[in-house]
Amino acid sequence: MYDIIIVGGGPAGLTAALYAKRAGFSTLLLEGGVLGGQAAATPDIENWPGTRHISGSDFAANLYEQSRALGAELRLEAATALEAEGALRRVSTSAGRYEARCVILANGVKRRKLGVPGEERLAGRGVSYCATCDGNFFRGKEVAVVGGGNTALEDALYLAALCPKVHLIHRRERFTGDAHLVDSVREIQGEASVSALRLEGPRGAHILPVSGVFAAVGLIPDNEAFAPPLELDAYGYLQAGCDCRTPLPGVFAAGDTRSKQLRQLVTAAADGATAAFQAGLYLHEMQPV
């Protein structure tokens, strides 16, 4: 029996563990993948306040060591189910079942990939999935945004303030009623870094020289294991406001996994701190189990 179980070892989950332990609560953190989440695979982080540059692996290691030093318990197990019974909250994994008085879900999301040759090989070397994270690395260079939804349009506008030319590549004929490009990406080219895209469209196949490719074709939340007892929104995200409280008492959602507009390291960490604080308030209000 723990006070708090945290599902997810990314910036939100690790920050929640840090704040939970500082508040004196027994804490178990469950992570089925890589500690640090998406941040761990980022070659260079330059938008973390107070730190000009840090590698994603160092950033993740620092967060983990900080929470571990305070006594947070870690198990490398993926959560498969969430149950609520009275005042108890249970999280099941492939290895067992754990009980707590409250749960913080901070399992994050996955970036949807383009699935074209060159994408994996050049990831972090010109291929990015976050314009606000990596756009500054391409200041003064020509780039392309691939996608047709709100994220792609917002990314293109953001990059337009940094780059002399931004190509917006979309495989359909229209966005919201206006005709746009109808090219499809077939290959990302380059040796040490991205140098061009191979496109196919009504004009046939052609090469577009660019220094960066921003894939904005959506995120994949992985929340089915928690529904029920929780309800997901139309896009599969957990429903929780800025206080990170879900409709189920004693269950909180932090970071990219919840419905929100901005998904960044700093907002994930802020959610983690908020969720741990709100969990503490909830625990103080509860009767002992």
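Within every chain, residues take consecutive numbers counted from 1 along the sequence as written. Reporting of local features is limited, given that this is a predicted model, to residues whose pLDDT is at least 70; pairs of side-chain atoms are given and counted only at 80 or more, and all residues count toward the totals for whole chains, interfaces and linings. The basis for every side-chain value is the complete set of non-hydrogen atoms in the structure, without hydrogens or water.

Student: Would you take a moment to explain the side chain of threonine 267 for this structure?
Tutor: Secondary structure elements follow DSSP: runs of H or I of four or more residues count as helices, runs of E of two or more count as strands, with numbering from the N terminus. With respect to the helices, strands and loops of the structure, threonine 267 is situated in helix 5 (residues 265-285). By relative accessible area, threonine 267 is classed as buried at 18%. Each residue touching threonine 267, except ones within four places of it in the same chain, is listed here: Lys260 and Leu262. When a residue's accessible area, from a 1.4 Å probe over protein chains only, is under 20% of the maximum for its type it is buried; when over 50% it is exposed; and in between it is partly exposed. Only heavy atoms matter for contacts: two residues are in contact if any of them lie within 4.5 Å across the pair.

Student: When you look at the sheet that holds strand 13 (residues 204-209) in this model, what are you seeing that I'm missing?
Tutor: Following DSSP output, two strands are said to pair if at least two bridges run between them. One open sheet accounts for 3 strands, arranged 11-12-13; its pairing is antiparallel. Edge positions in the sheet fall to strand 11 (184-190) and strand 13, since each of these pairs with one other strand and no more. Strand-to-strand, the axes of this sheet are offset by a mean angle of 25°, without reference to chain direction. Bridge analysis of strand 11 against strand 12 (residues 194-201) gives 6 bridges, and the strand direction is antiparallel. Looking across to strand 12, one finds that glutamate 187 is bridged to arginine 198. Axis definition: a line fitted to C-alpha atoms, limited for helices to the stretch in contact. Angles are taken between N-to-C directions and run from 0 to 180 degrees.

Student: It is not clear to me how the pairing of strand 12 should be interpreted in this structure. Could you clarify?
Tutor: Looking along a regular strand, one sees the side chains alternate between the two faces of the sheet. Between strand 11 and the antiparallel strand that follows it, strand 12, lie 3 residues. Here strand 12 pairs with strand 13 via 6 bridges, running antiparallel. Of the residues in strand 13, the one forming a bridge with glutamate 200 is alanine 205.

Student: How should the packing of aromatic side chains be read in this particular structure?
Tutor: In this description, an aromatic ring pair is defined by two values, namely the gap between the centres and the angle between the planes. Ring geometry is summarised as follows: Phe, Tyr and Trp rings, the Trp one being its six-membered ring, pair when their centres sit within 6.5 Å, and such pairs are stacked at plane angles under 30 degrees, edge-to-face over 60 and tilted between the two. Applying the stated criterion to the full structure yields 3 aromatic pairs. Arranged with centres 5.0 Å apart and planes meeting at 70°, the rings of tryptophan 48 and phenylalanine 59 form a pair that is edge-to-face. Of the two residues, tryptophan 48 sits in the loop between strand 2 (27-30) and helix 2 (56-69) while phenylalanine 59 sits in helix 2, which places them 11 residues apart along the sequence. With a centroid separation of 5.3 Å and 75° between ring planes, the pair formed by phenylalanine 138 and phenylalanine 214 is classed as edge-to-face. Remark: phenylalanine 214 occurs in strand 14 (residues 212-215) and phenylalanine 138 occurs in the loop between helix 3 (131-134) and strand 9 (143-146); sequence separation between them is 76 residues. This pair shows no difference in class: phenylalanine 138 is buried, exactly as phenylalanine 214 is. The rule for a charge over a ring is simple: NZ of Lys or CZ of Arg within 6 Å of the ring centre, and within 35 degrees of the ring normal. The positively charged end of arginine 263 is found above the aromatic ring belonging to tyrosine 237, 4.2 Å away from the centroid.

Student: Could you clarify how one ought to interpret the sheet that holds strand 9 in this entry?
Tutor: Strands in a sheet are paired, the pairing made by backbone hydrogen bonds, and the direction either parallel or antiparallel. Strand order in the open sheet made by the 4 strands is 8-14-9-10, with parallel pairing throughout. The sheet is open, and its two edges are formed by strand 8 (127-128) and strand 10 (166-169), each paired on a single side. Relative to strand 14, strand 8 runs parallel, the two sharing 2 bridges. Paired with serine 128 across the two strands is phenylalanine 214, which belongs to strand 14. Against the sheet, helix 4 (residues 150-160) makes contact with strand 9, strand 10 and strand 14, and its axis sits at roughly 170° relative to strand 10, the strand it touches most.

Keep in mind that these numbers describe shape and distance, not what the molecule does.
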